[in-house]
Amino acid sequence: AASGSAFQQVVDSLRLAFGGPGLRSVTANPERRLFEQREFMAEHFTTQPEPGPVGHGFTQHNLDTGETWWSADLSPFVRALGLDTCNAVAGPDGAVPDVQFQWLRAELERATAEKKLVLVLSHHNSLTLENAAVRPGQDQVLHHAEEVVDLLLQHPVAIAWLNGHTHLNQILAHTSSTGGFWEITTASCIDFPQQQQVVEIVDNRDGTLSLFTTVLDHAAPVSPGTGATTLDLAAQSREFALNDWAESPTMRRGSPFDRNTELLLPAPFDLSKITDAALEAEHVAARARVLAHESGLTS
């Protein structure tokens, strides 16, 4: 199993570096190559209409223009705004180019006028959105964490910023005199314990709303089987993640305040127009799409 001792990790790394057991050469695959951004987006259209959605947020507009940021309505009442915060010049941390920042401002204003709750999605979080790298001679304006947070605070319809990058669960509150939003960072699928989070939005019928965050494990058994099924492969992946010699598995989970929470916010507008009947109809339609997909897999 992985050791939590920093000293042991240093010893293990030196042993591997100088040819100790556990080190072997891997034959290069000549078919491996870097893909272009349009190719990456195009792959999101290689999916079935049920349960969908085809494109997973990307549209033909993205393929035509090369823009890698997008807007999609998750329901008649909730809109997702997807950002591309990766800096392709240098460095692992991110930034938001000005053209995308101005798009985000316009989308937040549109959602405010249309009374849509907004979830902002990005890879980087507010602790890692500080990459200032630009190409020599290029006059590009980049926006960083403080500006993005301030922009979201100006628009109370933005109730949450969902992100990752740091491979750990962490929840931060960003507040202003009129309210604020919650930043929910979720750990990576590659590191133990390979958990994800479900975020649910609940109208409390008292002028507030709650975001419930629930951590989920995948359905794989504790021990890998023969590898003949998808769940066997998932179990094997989790076991490999646990035995990563360079990791301290418990740190990725975050504190108890970062998992299985109820996060309160003032409602940005009157939510009474969102009726129980409308929500039930939406749930029935979504469930029907999933059932149609599952029946196609078993027929």
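Right above here is the structure, for reference.
What counts and how
- Residues numbered from 1 in each chain as written.
- Predicted model: local features only at pLDDT ≥ 70, side-chain atom pairs only at ≥ 80, totals over all residues.
- Heavy atoms only, no water.
- Pairing = 2+ DSSP bridges.
- Helix = DSSP H or I, 4+ residues; strand = E, 2+ residues; numbered from the N terminus.
- Axes fitted to C-alpha atoms, helices over the stretch in contact; angles between N-to-C directions.
- Contact = heavy atoms within 4.5 Å.
- Buried < 20%, exposed > 50% of the residue type's maximum accessible area, 1.4 Å probe, protein only.
- Parallel < 35°, antiparallel > 145°, perpendicular 65-115°, else oblique.
- Left-handed = near helix turned anticlockwise from the far one by under 90°.
- 1 Å grid on protein atoms, 1.4 Å probe; cavity = no way out; pocket = protein on both sides within 12 Å on 5 of 7 lines; lining within 4 Å.
- Points joined across faces, edges and corners; volume = space filled by probe spheres on them.
- Nonpolar A, V, L, I, M, F, W, Y, C, P; charged D, E, K, R; others polar.
- Salt bridge = Lys/Arg side-chain N within 4 Å of Asp/Glu carboxyl O.
- Core = buried A, V, L, I, M, F, W, Y, C linked by side-chain atoms within 4.5 Å.

Side note on the sheet that holds strand β1 (residues 70–73)
Turning to step 1, where the next piece is worked out: Sheet architecture is open: 6 strands sit in the order β1-β2-β4-β6-β8-β7, paired in mixed fashion. Each edge of the sheet is formed by a strand with only one pairing partner; in this case those strands are β1 and β7 (170–176). For this sheet, the mean angle separating the axes of adjacent strands, direction not counted, is 20°.
Turning to step 2, where the next piece is worked out: Here helix α4 (residues 98–114) sits on the sheet and contacts β1, β2 (78–82), β4 (117–121) and β6 (158–163); the angle it forms with β2, its principal contact strand, is near 180°.

What about the environment of Leu263?
Turning to step 1, where the next piece is worked out: With respect to the helices, strands and loops of the structure, Leu263 is situated in strand β11 (residues 261–266).
Turning to step 2, where the next piece is worked out: Residue class for Leu263 comes out buried when judged on its relative accessible area of 5%.
Turning to step 3, where the next piece is worked out: Beyond its immediate chain neighbours, meaning those up to four positions away, Leu263 contacts Ile171, Trp182, Ile184, Leu209, Ser210, Leu211 and Thr213.

Topic: the packing of α4 against helix α5 (residues 145–153)
For any two helices packed against each other, the geometry comes down to the angle between their axes and how far apart the axes lie.
Turning to step 1, where the next piece is worked out: Where α4 contacts α5, the axes come no closer than 10 Å and their chain directions differ by 15°. As summarised for this structure, α4 and α5 are arranged roughly parallel, according to the angle between their axes. Taken as a pair, α4 and α5 cross one another with a handedness that is right-handed. Counted together, Phe101, Leu104, Arg105 and Leu108 of α4 and Glu147, Val148, Leu151 and Leu152 of α5 form the full contact between these two elements.

Some points on the environment of Pro256
Turning to step 1, where the next piece is worked out: Following the sequence through the fold, Pro256 ends up in the loop between α6 (230–242) and β11.
Turning to step 2, where the next piece is worked out: Residue Pro256 is classed as exposed on the basis of its relative accessible area of 62%.
Turning to step 3, where the next piece is worked out: Between the C-alpha atom of Pro256 and that of Gln170, which follows or precedes it by 86 residues, the distance is 9.7 Å.

Digging into the pairing of β7
Turning to step 1, where the next piece is worked out: The pairing of β7 with strand β8 (residues 179–185) spans 7 bridges and is classified as antiparallel. Considered in β8, the bridge of Ser176 is made with Gly179.
Turning to step 2, where the next piece is worked out: Remark: 2 residues form the turn of the hairpin made by β7 and β8, two consecutive strands paired antiparallel.

Some thoughts on the environment of Pro76
Turning to step 1, where the next piece is worked out: Position of Pro76 among the secondary structure elements: in the loop between β1 and β2.
Turning to step 2, where the next piece is worked out: Distance in space between the C-alpha atoms of Pro76 and Leu297 is 29 Å, their sequence separation being 221 residues.

Considerations on unusual backbone geometry
Turning to step 1, where the next piece is worked out: Going from Glu50 to Pro51, the amide bond is cis rather than trans, its omega being 0°.
Turning to step 2, where the next piece is worked out: Mapped onto the secondary structure, Pro51 falls in the loop between α2 (37–43) and α3 (60–65).
Turning to step 3, where the next piece is worked out: Residue Pro53 follows Gly52 across a cis peptide bond; omega there is -5°.
Turning to step 4, where the next piece is worked out: Within the secondary structure, Pro53 is located in the loop between α2 and α3.
Turning to step 5, where the next piece is worked out: We note that Gln194 has phi near 55°; this positive angle belongs to a residue other than glycine.
Turning to step 6, where the next piece is worked out: Summarising the element assignment, Gln194 is placed in the loop between β8 and β9 (196–203).
Turning to step 7, where the next piece is worked out: What makes Gln194 buried here is its relative accessible area of 7%.

Some points on the layout of surface pockets
Turning to step 1, where the next piece is worked out: Roughly 290 Å³ of internal volume is contained in the second largest pocket.
Turning to step 2, where the next piece is worked out: In terms of lining, the second largest pocket is formed by 17 residues, of which the most central are Cys86, Asn87, Ala88, Pro97 and Gln140.
Turning to step 3, where the next piece is worked out: Its residues assigned to classes, the lining of the second largest pocket shows 7 nonpolar, 7 polar and 3 charged.

With respect to the pattern of salt bridges
Proximity of charged atoms lets side chains of opposite charge pair with each other.
Turning to step 1, where the next piece is worked out: In the structure shown here, the tally under the stated rule is 8 salt bridges.
Turning to step 2, where the next piece is worked out: The shortest N-O distance in the salt bridge between Arg79 and Asp73 comes to 2.6 Å.
Turning to step 3, where the next piece is worked out: For Asp191, the salt bridge goes to Arg252, with nearest N and O atoms at 3.9 Å. Placement of Asp191 in the loop between β8 and β9 and of Arg252 in the loop between α6 and β11 is noted, with a sequence separation of 61 residues between them.
Turning to step 4, where the next piece is worked out: One network of salt bridges, in which partners are shared, links Asp73, Arg79, Glu107, Arg110 and Glu114.

As for the nonpolar core
Turning to step 1, where the next piece is worked out: Judged by nonpolar contacts, the single largest core of 39 residues is most densely connected at Leu108, Leu152, Ile159, Trp161 and Leu211.
Turning to step 2, where the next piece is worked out: At the level of secondary structure, the elements contributing two or more residues to this core comprise β2, α4, β4, α5, β6, β8, β10 (208–216) and β11.
Turning to step 3, where the next piece is worked out: With 6 residues, α5 is the largest single contributor of residues to this core.

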